[in-house]
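The primary structure of each chain is shown beneath.
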Amino acid sequence: HLFSCSVQTINVTLLLSTSTPELVVEVFAHAGLSISITTIHKMVSSLSKSASDELRKLAEAKTLGFAYDNFNMDFKSWSATIENSGDTLKHVTSGLTLPLEHNVTPEDLRCAASLWSTSPLNSCILPEQCCPVCT
């Protein structure tokens, strides 16, 4: 039973990654060849809840790092239509949460003021006050 469930999960992953319509996925599910869309939504909800709980714990411990990036995606269609003749360029910001490991504590992270006071990017300090490595 475990093997067939794995095969069904792989099949639905392949179907969805190729933009197969949900109706076709449901036909495969009724034939026993994949899992249903409802099951997929439940799995995603469960994983999202688990991830959210884990992030909440890390945030409460204040041992979490954040990284952000802006990027552009151009969604060109195969054939232009009047309905889809608008701007295909989308601007997106992605975020990544990084758990800080190796016994990092919040006290280890309380160095921002010290770093900024010696940073060459800080325009409020004189060049001779910068750290020797930076000058």
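Residues numbered from 1 in each chain as written. Predicted model: local features only at pLDDT ≥ 70, side-chain atom pairs only at ≥ 80, totals over all residues. Heavy atoms only, no water.

**Quick notes on the overall build of the protein**
Note the cut-off: Helix and strand labels come from DSSP, where a helix needs a run of H or I of at least four residues and a strand needs a run of E of at least two; each type is numbered from the N terminus. Type-normalised accessible area, obtained with a 1.4 Å probe on protein chains alone, sets the label of each residue: buried when under 20%, exposed when over 50%, and partly exposed for intermediate values. For this analysis, residues touch if any pair of their heavy atoms sits within 4.5 Å. Accessible surface is estimated by sampling points in the Shrake-Rupley manner with a 1.4 Å probe; for residues, cover comes only from the protein chains shown.
Counting its secondary structure elements, the protein contains four helices and two strands. Its helices and strands in sequence order give the protein the pattern α-α-α-β-β-α, from N to C terminus. Counting only residues that meet the buried cut, the protein has 14% of its 135 residues in that class. Intrachain contacts of the protein at a sequence separation of at least 6 include 40% that bridge at least 24 residues. Entry remark: accessible area of the protein is about 11100 Å², with carbon and sulfur atoms responsible for 63%.

**Regarding unusual backbone geometry**
Even without being a glycine, Ser19 presents a positive backbone phi close to 60°. Position of Ser19 among the secondary structure elements: in the loop between helix H1 (2–17) and helix H2 (22–30). The exposure class of Ser19 is exposed, given its relative accessible area of 65%.

**Quick look at the nonpolar core**
Proteins that are soluble and globular tend to have nonpolar side chains buried together. Applicable threshold: Here, nonpolar core means buried Ala, Val, Leu, Ile, Met, Phe, Trp, Tyr and Cys residues that are tied together by side-chain atoms lying within 4.5 Å of each other.
Listed in full, the six residues of the largest apolar core are Val12, Leu15, Val25, Ile35, Ile37 and Ile40. Contributions of two or more residues to this core are made by H1 and helix H3 (37–61). Non-local contacts of Ile35, meaning those with residues more than four positions away in its chain, are made with Gln8, Thr9, Val12, Val25, Ala29, Ile40 and Met43.

**Things to note about H3**
Keep this limit in mind: The span you would expect from a helix comes to 1.5 Å times its residue count less one.
The end-to-end C-alpha distance of H3 is 36 Å, a good match for the 36 Å that 25 residues give at a rise of 1.5 Å each. Taken together, the buried positions of H3 are Ile37, Ile40 and Leu58.

**Looking at the environment of Asn103**
Structurally, the position occupied by Asn103 is in the loop between strand S2 (89–99) and helix H4 (112–117). On the basis of relative accessible area, Asn103 is assigned to the exposed category, the value being 73%. For the pair Asn103 and Thr63, spaced 40 residues apart in sequence, the C-alpha to C-alpha distance is 9.3 Å.

**Comments concerning the pattern of salt bridges**
Counted only if it meets this: Within this document, salt bridges are pairs made up of a side-chain nitrogen of Lys or Arg and a carboxyl oxygen of Asp or Glu, the two lying within 4 Å of each other.
All told, the structure shown has four salt bridges when counted by the stated rule. A salt bridge links Lys49 to Asp53; its shortest N-O distance comes to 3.1 Å. Within this pair, Lys49 and its partner Asp53 are both found in helix H3, separated by four residues, close to a single helical turn. For Asp53, a relative accessible area of 31% translates into the label partly exposed. One network of salt bridges, with partners in common, ties together Lys49, Asp53 and Arg56.

**Here we look at the confidence of the model for the protein**
Convention followed: Here pLDDT means the predictor's own confidence in every residue, given as a number from 0 to 100.
Across the protein, the average pLDDT comes to 79, with 81% of residues at 70 or higher. Element-level pLDDT for the protein is lowest in H1, with a mean of 75, against a maximum mean of 88 in H2.

**A short note on the side chain of Thr20**
The test is simple: Polar contacts, as used here, are pairs of N or O atoms within 3.5 Å; protein pairs need one atom able to donate a hydrogen and one able to accept it. Residues neighboring in sequence count only if both atoms are side-chain atoms.
You can see Thr20 is positioned in the loop between H1 and H2. Within the structure, Thr20 has its side chain in polar contact with the backbone oxygen of Leu15 (distance 2.7 Å). For Thr20, the side chain forms a polar contact with the side chain of Thr18, separated by 3.2 Å. Apart from residues no more than four positions distant in its own chain, Thr20 is found in contact with Leu15 and Val25.

**Considerations on the side chain of Gln8**
Here Gln8 lies in helix H1. Setting aside chain neighbours within four positions, we find Gln8 in contact with Gly32, Leu33, Ser34 and Ile35.

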